[in-house]
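# Descriptive analysis of the structure
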Amino acid sequence: MKFEWFSTLVLVFLGLSLSAYGVSVKICTYTDTSCSSNEQCVEGDNGSCLTVSAENTSEEYGARAECTDSDDPSGVLALFPNTDCSGSVIIDAVVDGFCSVVNPLSGSNFFVRFECQADVCFSAYSSVRMSDGETKRVQDVEVGDSVESVDSRGRRTFSEVYLVQHEGKASATTLRQIHYSTVDGRGSGAITLSGAHMLRSAKEEDAFVSAKSIEKGSTIFVVLQDDMEATEALVTGVSSVRHPVRNIHTMNDRIVVDGVVASSTTELVPFSVARLLLAPLKLLYKIGLHKVVTHIDAHAHELAKTSTGRKVLSRL
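The following paragraphs examine the structure supplied in this document. These numbers were taken from a predicted model, which means no experiment stands behind them. (Residues numbered from 1 in each chain as written. Predicted model: local features only at pLDDT ≥ 70, side-chain atom pairs only at ≥ 80, totals over all residues. Heavy atoms only, no water.)

Let us now look at the pattern of salt bridges. The final tally for this structure, using the stated rule, is 13 salt bridges. When the shortest N-O distance is used, the salt bridge between Arg-275 and Asp-253 registers 2.8 Å. Of the two residues, Arg-275 is situated in helix α2 (residues 271–286) and Asp-253 in the loop between β20 (245–250) and β21 (254–257); the sequence distance between them amounts to 22 residues. Residue class for Arg-275 comes out partly exposed when judged on its relative accessible area of 29%. Two residues, Lys-282 and Asp-253, come together in a salt bridge whose shortest N-O distance is 2.5 Å. In this pair, Lys-282 is assigned in helix α2 and Asp-253 in the loop between β20 and β21, connecting sequence segments 29 residues apart. What makes Lys-282 buried here is its relative accessible area of 10%. Several salt bridges converge on common partners, so that one network encompasses Arg-129, Glu-148 and Arg-156. (Salt bridge = Lys/Arg side-chain N within 4 Å of Asp/Glu carboxyl O. Helix = DSSP H or I, 4+ residues; strand = E, 2+ residues; numbered from the N terminus. Buried < 20%, exposed > 50% of the residue type's maximum accessible area, 1.4 Å probe, protein only.)

Written out as C-alpha cells, the structure is:
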C-alpha cells in the first residue's frame, strides 16, 4: 500500500506534465460511402458520450467510443438514438478507421467513422532546427542536443534536450496537421502533433492553447528561418494524418517544431504548473542522472495505465 501511494505521488508530482497519458476520440459523420463528403466531427474523452449529427438529417444521436489505452490505440463505437447514450443501440462495434453506414429508425441514412487518438505529442517526421544550423527530424533528436526554442518574450533562443519520449516506437497514430500562413505573408507551413499538445497563442507571454482547440482562423506563432523572434500566423486549415510519434522535453519547456512555437508539455496541467513539476527532473539531468529521468518517465507511463493511476488522472 505504501509503495502504491509513493508511486501515485511520483505520477502526480513528476509525471503529469511529461505527457497526457490519455486517449481521446474523434467521431465524424458523412453523407457518402467513402466518408469524404459533408464531414461533421466532434472530439472528446475516451468512453464519453458525445452528440453527433449528419448534414442530411436534423436528428441528433449519442455516440460512445471505447479505445484501448496505448500509444497506438484502437477501439469500437456504439451509436444510440438519444444524446445521453440511452436507448437501444442503433449500430455497434464500428471499428476504428472504418466507414460504416447508419440506418436510423427515422431520418436519412448517413455514414460514420471514428478515430482513437493517443495524446502523445509530435510527429516523428516533424523537423526542428539545431543550434549548429542543422535541421533534424524529431525522431533523430537526442538527449543533449540544443534545439530551437523561444524565451518567455517570444525571442528566438536554443534550449537543451533532457528527455526524449516514445523512442523506438514505429507504430502510427492519428495526429492533427495544422496549416498556417504568416500574417505578413512571408511564410507558410504546417505542424503535425497530437490534440493535447499546446501551441503558443501570444507573442510576449507564455500563453498556450491545445492543438485540439485550433481551427481555421486561429492565431498561432511561428519563427521563420532568419528571424530572431516569433511572428503571428493564421491557421489556414486542419487535417488528420497517421504518423509515428516522439516528444522532446527542453530545459525551458518550449520548442519550435516545423517552425511553430509549441510547449514541451501537454494540456493536462497549466504550462506554469508543469514547469514547476518538471524542475526536479531537470535538476537530476543537470547533475548527470539523465538515466534516472528516463526511468521516472517510464515508471509514470506504466503507472498511468494501472487502476490507481487512472483513478488519479480521472480526478484532474
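Let's pick the thread back up.
Another aspect to go through is the sheet that holds strand β6 (residues 91–95). Backbone hydrogen bonds are what pair the strands of a sheet, in a parallel or an antiparallel way. Taken in spatial order, the four strands line up as β3-β4-β5-β6 in an open sheet, and their pairing is antiparallel. The strands lining the two open edges of the sheet, one partner per strand, are β3 (49–53) and β6. Strand-to-strand twist across the sheet, computed as the mean angle between neighbouring axes with direction ignored, equals 30°. Relative to strand β5 (residues 75–80), strand β4 (residues 60–67) runs antiparallel, the two being bridged by six bridges. Among the inter-strand pairings, Arg-64 is bridged to a residue of β5, identified as Ala-78. (Pairing = 2+ DSSP bridges. Axes fitted to C-alpha atoms, helices over the stretch in contact; angles between N-to-C directions.)

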